[in-house]
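# Close look at the chain arrangement
Residues per chain are reported as follows:
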Amino acid sequence: MKRVFNFSAGPAVLPEEVLKRAAEEMLDWHASGMCVMEMSHRGKEFISMCEQAEADLRELLDIPSSYKVLFLQGGATLQFGMVPMNLLRGKKSADYVHTGEWAKKAIKEAKIFCNVNLAASSEDGGFSYVPEQSKWKLNPDAAYVHITSNETIGGVEYHWVPETGKVPLVADMSSNLLSRPVDVRRYGLIYAGAQKNFGPAGLTVVIVREDLLGQTLPATPTMLDYKVHADAGSMSNTPPTYAIYIAGLVFQGLKSMGGVAQMEKLNIAKADLLYQFLDGSRFFRSPVRRQDRSRMNIPFTLADAAKDEEFLKGAKQRGMVQLKGHRSVGGMRASIYNAMPIEGVRALVDYMREFEAKHA
Ligand SMILES: *Cc1c(COP(=O)(O)O)cnc(C)c1O
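Everything numeric here is computed off the predicted structure, so don't read it as measured data.

Moving on to the sheet that holds strand E12 (residues 297-302). Reading across the sheet, the three strands line up as E11-E12-E14 and stay open at both edges, with antiparallel pairing between neighbours. Looking at the sheet topology across the chains shown, the edges are occupied by strand E11 (284-285) and strand E14 (332-335). By the bridge criterion, four bridges tie E12 to E14 in an arrangement that is antiparallel. The residue bridging proline 299 from the neighbouring strand is arginine 333, located in E14. Set on the sheet, helix H7 (residues 259-280) makes contact with E11, E12 and E14; between it and E12 the angle comes to about 20°.

As a further point, take the pairing of strand E9 (residues 189-193). With five of five residues buried, E9 lies mostly within the body of the structure. Of the two faces of E9, the one holding Leu189, Tyr191 and Gly193 and the one holding Ile190 and Ala192 are both buried throughout. As paired elements, strand E8 (residues 169-172) and E9 share three bridges and run parallel to each other. Paired with valine 170 across the bridge in E9 is leucine 189. Bridge count for E9 against strand E10 (residues 204-209) is five bridges, and the pairing is antiparallel. In the sheet register, isoleucine 190 faces E10, and the bridge partner there is isoleucine 207.

As a further point, take the environment of lysine 358. For lysine 358, the location among the structural elements is in helix H9 (residues 342-359). By relative accessible area, which is 64% here, lysine 358 ends up exposed. A C-alpha to C-alpha distance of 53 Å links lysine 358 and asparagine 115, two positions 243 residues apart in sequence.

Here we take up the site of the ligand. Surveying the vicinity of the ligand reveals the residues Gly75, Ala76, Thr77, Phe80, Trp102, Asn150, Thr152, Asp172, Ser174, Ser175, Gln195 and Lys196. Alanine 76 places a polar main-chain atom, nitrogen or oxygen, 3.2 Å from an oxygen atom of the ligand. Between the ligand and the protein, one listed contact pairs an oxygen atom with a side-chain N or O atom of lysine 196 at 2.5 Å. For the ligand, whose free accessible area comes to 380 Å², the fraction covered by protein is 87%. If you tally residues by element for the shell around the ligand, the top one is helix H3 (residues 75-87), at four residues. Of the residues assigned to the shell around the ligand, the class counts are three nonpolar, seven polar and two charged.

Before going further, it helps to examine the domain arrangement of the chain. The domain boundaries assigned to the chain delineate domain 1 (17-256) and domain 2 (258-359). The gap between the C-alpha centroids of domain 1 and domain 2 is 27 Å. Between domain 1 and domain 2, a total of about 2,100 Å² is buried, with carbon and sulfur atoms accounting for 50% of that surface. For the interface between domain 1 and domain 2, the tally reads one salt bridge. Taking the shortest distance from any N to any O, the salt bridge between arginine 289 and glutamate 132 comes out at 3.1 Å.

Now for the nonpolar core. Among the nonpolar cores identified, the biggest contains 56 residues, and Leu57, Leu61, Phe71, Leu178, Phe198 and Leu203 are the most heavily contacted of them. For this core, the element with the most residues is helix H6 (residues 241-256), which contributes nine residues. When residues of this core are assigned to domains, at least three map to each of domain 1 (17-256) and domain 2 (258-359). Ignoring anything within four residues of it in the chain, the contact list for phenylalanine 71 reads Cys50, Ala53, Glu54, Leu57, Leu203, Thr204, Val205, Ser234, Pro240 and Ile244. Counting 28 residues, the second-largest nonpolar core is a separate cluster that includes Leu87, Ile107, Val116 and Tyr226.

Time to look at the state of the cysteines. The tally for this structure, following the rule as stated, stands at zero disulfides. Of the cysteine sulfurs around cysteine 50, a residue in no disulfide, the closest is that of cysteine 35, at 16 Å.

Quick look at H9 now. Taking 1.5 Å of rise per residue, 18 residues should cover 26 Å, and H9 covers 26 Å from first to last C-alpha, within 8% of that figure. Along H9, the residues classified as buried are Gly344, Val345, Leu348, Val349, Tyr351, Met352, Phe355, Glu356 and His359. For H9, the arc enclosing every buried residue in end-on projection is 165°, short of the 170-degree limit, so these residues lie on one face. Facing away from the buried side of H9, by more than 90 degrees, are the exposed residues Ala357 and Lys358.

Cut-offs applied
Residues numbered from 1 in each chain as written. Predicted model: local features only at pLDDT ≥ 70, side-chain atom pairs only at ≥ 80, totals over all residues. Heavy atoms only, no water. Pairing = 2+ DSSP bridges. Helix = DSSP H or I, 4+ residues; strand = E, 2+ residues; numbered from the N terminus. Contact = heavy atoms within 4.5 Å. Axes fitted to C-alpha atoms, helices over the stretch in contact; angles between N-to-C directions. Buried < 20%, exposed > 50% of the residue type's maximum accessible area, 1.4 Å probe, protein only. Near = heavy atom within 4 Å. Polar contact = N/O pair within 3.5 Å; in protein donor to acceptor, adjacent residues only side chain to side chain. Areas by Shrake-Rupley, 256 points an atom, 1.4 Å probe, with all protein chains shown as cover. Nonpolar A, V, L, I, M, F, W, Y, C, P; charged D, E, K, R; others polar. Domains from an automatic or database assignment. Buried area = accessible area lost by both parts, 1.4 Å probe. Salt bridge = Lys/Arg side-chain N within 4 Å of Asp/Glu carboxyl O. Core = buried A, V, L, I, M, F, W, Y, C linked by side-chain atoms within 4.5 Å. Disulfide = S-S within 2.5 Å. Expected span 1.5 Å × (residues − 1). Arc of directions from axis to C-beta.

The following block contains the structure:
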């Protein structure tokens, strides 16, 4: 067996120890005689595992008790609709900051439910930066302010938390949750699909301030009401049991390696390695403004796009896959989530250096 360095943007690399542990426990979880997939979600085995996963996530992110943690399905994409359905709370308008492809999708969906005030946009710069807060035009009467804390496709990340006063801040953290500490108290709601940074597809984590719940739009389906899930401990119907199990193992691994502060240090080291190379290179370049560069998703272009295919082929031969950029932006993209070892980034930089020497 040979594992590759997988630079996929998602579903993405998972920690090898987690996959091994899952393999060991596949037929018999903790002497239950069952695979986790075969367990009742109402049985004591699964409930204890799910409670542990929530407790570990709360500890990792220092989530206050006034916030609910929900394990949902439907992906981050369903949250684009669930957020307005639940958080408009009688208001007619919400503020959105447009920073790229994912913000765009969130805005489009929100428009089904309310007036969207575009508080700021980086469209003028090809979504290569995060607009400074001093340029935002916030509506004091907005139901909430929505941001995309890391644009997975454009590789643009907030390295600061916006100030929104009494208006709740909502963040799509699908591609950077658990990559760094986050001050949950600054947010009304945080959501993230698991398949980028902490688990398999099928699980979406929502962290929401309790006082925001219970005022959904009329005709909101039961399953799209956060309060229903909050009151039922995410067991209103069958939750994505196996995905919760894997995410729980990822949380345990994070805790034992020192938590998100330690993970952040590693992520900075990995990202620095690649950005320093890009900045010194005359063949490769990063399109993103320096202070807004993502630590998780690093797009880059070759001076000669005609060499893209050759670059990808050579990478594959060296065991590095999924480096092709998103179809909407082209070029390359290296996603270096928590589970990407620094050796993977080193191998990529070594290969890029070699490629440049040959072609520049
Ligand atoms: C991947 C992604 C989504 C969409 O996630 P799905 O699980 O496919 O719905 C939304 N927002 C961001 C920032 C993402 O990276």
